[in-house]
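Descriptive structure summary
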Amino acid sequence: MARLHPARGLTALVAIFCLGACEAAKSANPTAPSVAGPIPGVAITAPRPLEPSAGTTLTFSSEPPVLLIENAGTSGVRTLFLQLEIGTDPSLSQLVHQADQIAPGGDGRTVYRLPAPLGAGFTYYWRTRASDGANTGPYSAVSDFNVVPPVVIDTPTPTEPSGNIS
């Protein structure tokens, strides 16, 4: 029969006690970033895509587009962050950009600049939702916008009359 060394047995007992106490402390603070799980009864509303508004046409530029989102609300005590999806189809199964930790703006609206321009000649669909790390609200309605190539007008080349005319 194996015998447990008294000092090792005490260390194991302290470790087990700490695990139980640490879990109690972890869930006692609902605003902690390492929160154990959802808080029952917390409601998070859907944010709302504002700009570009549905059906808007944007001209391609080397500058990435800027999105404006109306922030979500919560009945909970935790800080919210926004999640964003942009895709090339209405069901957003073909994502071209996704962001998970967007800090909401302080004035009830969030400005989000994409990290890179979107390609011209496509319709893009986007939606957003809010989360507090454990509770997640519903997605917003899907909004769409078009990115078109810029119109380029070349310098005209005269074709007639040509030659020496007297």
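Note: the structure precedes this text.
Residues numbered from 1 in each chain as written. Predicted model: local features only at pLDDT ≥ 70, side-chain atom pairs only at ≥ 80, totals over all residues. Heavy atoms only, no water.

Looking only at helices and strands, the chain features 1 helix and 8 strands. Reading the helices (α) and strands (β) of the chain from amino to carboxyl end gives α-β-β-β-β-β-β-β-β. For the chain, with 166 residues in total, the buried portion stands at 28%. A separation of at least 24 residues holds for 66% of the contacts in the chain among residues at least 6 apart in sequence. (Helix = DSSP H or I, 4+ residues; strand = E, 2+ residues; numbered from the N terminus. Buried < 20%, exposed > 50% of the residue type's maximum accessible area, 1.4 Å probe, protein only. Contact = heavy atoms within 4.5 Å.)

Tracing the sequence through the fold places Thr128 in strand E7 (residues 122-131). What makes Thr128 buried here is its relative accessible area of 0%. At 2.7 Å, the side chain of Thr128 and the backbone oxygen of Gln83 are in polar contact. Excluding its chain neighbours within four sequence positions, the residues that come into contact with Thr128 are Pro47, Ile69, Leu82, Gln83, Leu84, Pro138, Tyr139 and Ser140. (Polar contact = N/O pair within 3.5 Å; in protein donor to acceptor, adjacent residues only side chain to side chain.)

The strand order E1-E3-E6 describes an open sheet built from 3 strands, whose pairing is antiparallel. A strand with exactly one partner marks an edge of an open sheet, and here the two such strands are strand E1 (48-51) and strand E6 (109-113). On average, each strand axis in the sheet is inclined to that of its neighbour by 30 degrees, with strand direction left out of account. Across 3 bridges, E1 lies against strand E3 (residues 66-70) in antiparallel orientation. Counterpart to Glu51 in the pairing with E3 is Leu68. (Pairing = 2+ DSSP bridges. Axes fitted to C-alpha atoms, helices over the stretch in contact; angles between N-to-C directions.)

Our next topic: the environment of His97. Structurally, His97 is set in strand E5 (residues 95-102). When the C-alpha atoms of His97 and Trp126 are compared, they prove to be 9.4 Å apart, with 29 residues separating the residues in sequence. Not counting the four nearest positions on each side in its chain, His97 is found in contact with Leu84, Glu85, Ile86, Tyr112, Leu114 and Pro115.

One pass over the structure, following the stated rule, counts 2 aromatic pairs. Pairing Phe122 with Tyr124 gives two aromatic rings, centres 6.1 Å apart and planes at 55 degrees, and the pair type is tilted. For Tyr124, a relative accessible area of 4% corresponds to the buried category. Within the aromatic cluster, the residues linked to one another by ring pairs are Phe122, Tyr124 and Phe145. Against the face of Tyr139 rests Arg127, its NZ or CZ located 3.6 Å from the ring centre. (Phe/Tyr/Trp six-rings, centres within 6.5 Å; stacked < 30°, edge-to-face > 60°. Lys NZ or Arg CZ within 6 Å of the ring centre and 35° of its normal.)

Another point: unusual backbone geometry. Backbone torsion omega between Glu51 and Pro52 reads -5 degrees, so that peptide bond is classified as cis. With respect to the helices and strands, the residue Pro52 is situated in the loop between E1 and strand E2 (56-59). Positioned with a positive phi, Leu92 is a non-glycine residue whose angle comes to about 55 degrees. Tracing the backbone shows Leu92 in the loop between strand E4 (81-87) and E5. The class of Leu92 is buried, set by a relative accessible area of 5%.

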